[in-house]
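A structural walkthrough
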Amino acid sequence: MPPKRRSAGTSQNKQTKNTAEKSSSSDIKQSTELSVKMHRDKDADYVSLCKSLHVSDTVCDRAWKMYKTVQESLDEPSENQKRLWGACLFVVVTDMDVASFTITQVLKAVSMNVKQFVVLVRKLDVNLDTISTKVNSALTRLENKYDVSLALYQRFEKTCKRIFVLAPEGKEREIMRSCWTMFLLAKGRALQMKDDLVISFQLLLCTLELFIKRGPPDLLQPLYQSAISKVQSPVTRTSRRNHNNAKARPPEPEVDVRLLETLCKENECNADEVKNVYQTSFSAFLDSLDLPKSSGLPQVNSLNQQYDEHYLKSRDIDGRLFLDNDETMFEPKVETVQMERTPKKNLLDEDGVASPPPQTPIRAAMTSIQQLRGDLTSRGDQPSTNLATYFKNCTVDPTQDVLKRLETLGQTFSHRFAKAVGPRCITLGKQRFTLGVKLYYKVMEAMLKSEEKRLSVQNFSKLLNDSTFHTSLLACALEVVMATYGESSFKTGGYNHGCGGDLAETDLCFPWILDVLNLTAFDFYKVIESFIKADPTLSKDIVKHLETCENLIMERIAWRTNSPLFELLKQEHEGGAMEQAETAASFNQLLQHNHTAADLYLSPVRPGLGILPPDSPANPGSQAAPPPPNQSAPQPAGQNTQHPRSNSLSLFYKKLYRLAYIRLKMLCSYLLSSHPELEPIIWTLFQHTLQQEYELMRDRHLDQLMMSAMYAICKVKSVDLRFKTIVSSYKNMPNTSQETFKHVLITEGHYDSIIVFYNQVFMQRLKTNILQYASQRPPTLSPIPQIPRSPYKFPSSPLRVPGSNNVYISPMKSPRMSPGIMTPRSRMLVSIGESFGQSNRFQKINQMVNSGERPFKRTLDMGGTPKPLKRLRFDVDGQDEADGSKSGRDSTLMKRLTEMNSTCSRMKEDAESRKEKQ
């Protein structure tokens, strides 16, 4: 682009920014002008900064006090004080919820980029009350919006290079500027969720479609010249001159289908979804624009003026600055140079196969969506023949109830989705719901087939007529869909309160779906494990997402007031079914993942139908076989009748204890490595609290009790450990939120810090028990739970062959997944049953197999007994083989590998034979 055009663009941008700053004084209302005389006690440069940002006297005072408080507490005393001033002003303005300046204005004033600013503001949180949860939430939203905007702009630039040709005087750059500005305006007006990557990207494709079909054809690459429909008249420049003859021309279509499909194909995006976004949200946006009614391109000045109004009102970052490589939007150039010095990977492997392109955020999202939609392509939104047969086999046919329930919940979901995402996104919500219904039917059918095989029954009337089961299964399917589209995540830590504004209405993070479907978290938890096992096509990321949902339920959500968990606990403690939620003797047993959704939703059985508890005192390690869903277990002879034990509660507490201990162990490793003897004592108090004082968990978080138990034991054991230190280390643990220690329930409706909770609630309730640990006869220590492998296996992930560092086996997940997409790229990937390519690959496979460790090779040769391995290894069923006790029997994995080795040898011989004949 010629230098004079860059100067013109820069000048135009400066004019835009000057206009924005001038109009900000009138748009952003202030109660009073800043009085310089009132702030003579402050640094003159600080007062000048406040004046340039149009803050009030109150904001100026509060931010200065905050600055003085944190100035000496930071790790780096030489931190640029002007940047600290800007960070403090942002915190105060956000807390007070007053309109003073935009994010870009403060970034410009203190010469920082977005990422640097976020890091600095978070660094201010040196104690429990420096930064409120409201500020932290605003900071998280800012970071999320920036990440999405950056990903969109990078894809926009890359796409434009494939659409437009370089033109004299940079005309293509002018079109890019107008197009990007129009997209930002459309995104701001059409979407309430500013960090929704997928819908924002679809809006971007709609905007590109408009500029391609209305722009000069000579600026287009051949692909997009040929993609423009012939129906549309290309001579759009004469539309004004021949305005009176417009009736003779065919009307311009709302969307050029062929062009939009080309854009979608090039960007791996679903065309039907983009068409829907165009016909609803984007068309409505075009109608709302106050632009000249013409078929030409929108004017840059008009777009800038309207975007200025939106940008100043939202006090956001100015997304137009991406176009100018502005320093506030990107990382420092030094870091970019460092990245460029990194050696680039060879794009071709040794066999000449092209490596897959890097996974950018948009590419990853599009790939996940394609995979989900592909897996459900053959599935209808009505029960399949097999599922309909299961329904008919029931004593009471649930078909009509299922269909009515889906119709009602579908309307609720689509309306709530539109309320959260955008007013015209109700059809998008219906599309998401339809995908969820397909997945719901698919998983239900797989579950019933598994139950039929396990129990040898076909009548599942009780289960299939259980409304809670159906709603939970549907909720799980919808959560998978939402997570695949990136609309449900845990960036806010799962907290929707205390954030100010109407964030809860625009936040689709879990547990949003529970509120929409009016479902309790405890009921939802029952279906998660069975759902994952029933659908092996779920990606590893989705399985992790559901596992995180389960943990979030156990940590906090299941303990909300009105949760059925409390009623179950009350029945267990008062009804005589057992003395505690889970027997201490079962702590050191491995968690048996053999419960199914049928067990959990039909548990407990009604009183009077006594069953043997899963952990019988006579045989603590035994697991009673659960009765079929429509039968009750016979009463064992000679056993006293007792109230039934809840399988769902038992399994919940087993998982809860293990999660609690894992988190406690991690925190102890941070803080008490020099006092290892304290960990089992803290765990005993922690476990006792969860077991006997479970009411302390009501509307609270598991980690709040954990930190309180740690502080209490350290106190009675005279170990110097302050709460501030505990909190500082806690913040470094994964999946934590500042809400946990800053927003703790004290009394009904009153929240305070965790220190106040400890003094006024925890200590008061457990004082007698805590003091026992300082006596000569302390309580008996609780057994330490065994930590098993996760029940959530990832069938799509490559498994390393035991005893070998370079051989992996992975089942072929789908014929659409070619070896070029699979990982790890440094390994040779073989798909049995498909074209293999060159015969010399067999030799490489044999070399890799033969290069395995000696114990592994002996097992293949069926030779002598292998020596015990020094590290654990697992067969395909996940059983330990550390002691070599199972070496006499081939595991399933070993058998498969032996068969593969034999097959490869035969294929090699056949290939060589054919070669000789030729």
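See the structure above.
One structure accompanies this document, and this report is about it.

Basis of the calculations
- Residues numbered from 1 in each chain as written.
- Predicted model: local features only at pLDDT ≥ 70, side-chain atom pairs only at ≥ 80, totals over all residues.
- Heavy atoms only, no water.
- Axes fitted to C-alpha atoms, helices over the stretch in contact; angles between N-to-C directions.
- Helix = DSSP H or I, 4+ residues; strand = E, 2+ residues; numbered from the N terminus.
- Parallel < 35°, antiparallel > 145°, perpendicular 65-115°, else oblique.
- Left-handed = near helix turned anticlockwise from the far one by under 90°.
- Contact = heavy atoms within 4.5 Å.
- Nonpolar A, V, L, I, M, F, W, Y, C, P; charged D, E, K, R; others polar.
- Phe/Tyr/Trp six-rings, centres within 6.5 Å; stacked < 30°, edge-to-face > 60°.
- Lys NZ or Arg CZ within 6 Å of the ring centre and 35° of its normal.
- Salt bridge = Lys/Arg side-chain N within 4 Å of Asp/Glu carboxyl O.
- Buried < 20%, exposed > 50% of the residue type's maximum accessible area, 1.4 Å probe, protein only.

Where helix 26 (residues 647-671) contacts helix 28 (residues 702-716), the two axes come as close as 11 Å, and the packing angle between them is 45°. Considering their axes alone, helix 26 and helix 28 lie oblique with respect to each other. In this structure, helix 26 meets helix 28 at a crossing whose hand is right-handed. Between helix 26, through L656, L659, A660, R663, L664, L667, C668 and L671, and helix 28, the contact on the second element is made entirely by L702, D703, M706, M707 and M710. Tallied by class, residues from the contact of helix 26 with helix 28 come to 11 nonpolar, no polar and two charged.

For the rest of this paragraph, the subject is the packing of aromatic side chains. Summed over all chains, the structure comprises 41 aromatic pairs. Consider the rings of W559 and F566, whose centres lie 5.8 Å apart with planes at 70°: the pair is edge-to-face. Taking 6.0 Å as the distance between ring centres and 90° as the angle between the ring planes, the aromatic pair formed by W683 and F686 counts as edge-to-face. Of the two residues, W683 and F686 both sit in helix 27 (residues 678-692), three residues apart, roughly one turn of that helix. Through successive ring pairs, a cluster of aromatic residues spans F522, Y525, W559, F566, F652, Y653, Y657, Y661, W683, F686 and Y694. Its end group placed over the ring of Y485, R432 keeps NZ or CZ at 3.8 Å from the ring centre. The ring of F566 carries the charged tip of R698 above its face, separated from the ring centre by 3.9 Å.

The subject of this paragraph is the pattern of salt bridges. In total, this model carries 32 salt bridges according to the counting rule given. Close ionic contact of K526 with D523 constitutes a salt bridge, the shortest N to O distance being 3.2 Å. Remark: D523 and K526 occur in helix 22 (residues 521-534); sequence separation between them is three residues, near one turn of the helix. Residue K526 is classed as buried on the basis of its relative accessible area of 8%. Classification of D523 by relative accessible area gives buried; the value is 14%. Between K655 and E529 there is a salt bridge, with its nearest N and O atoms 2.6 Å apart. Placement of the pair is K655 in helix 26 and E529 in helix 22, with a sequence separation of 126 residues. Neither residue differs from the other here; K655 and E529 are each classed as buried. One connected set of salt bridges, linked through shared partners, spans K115, R122, E143 and D147.

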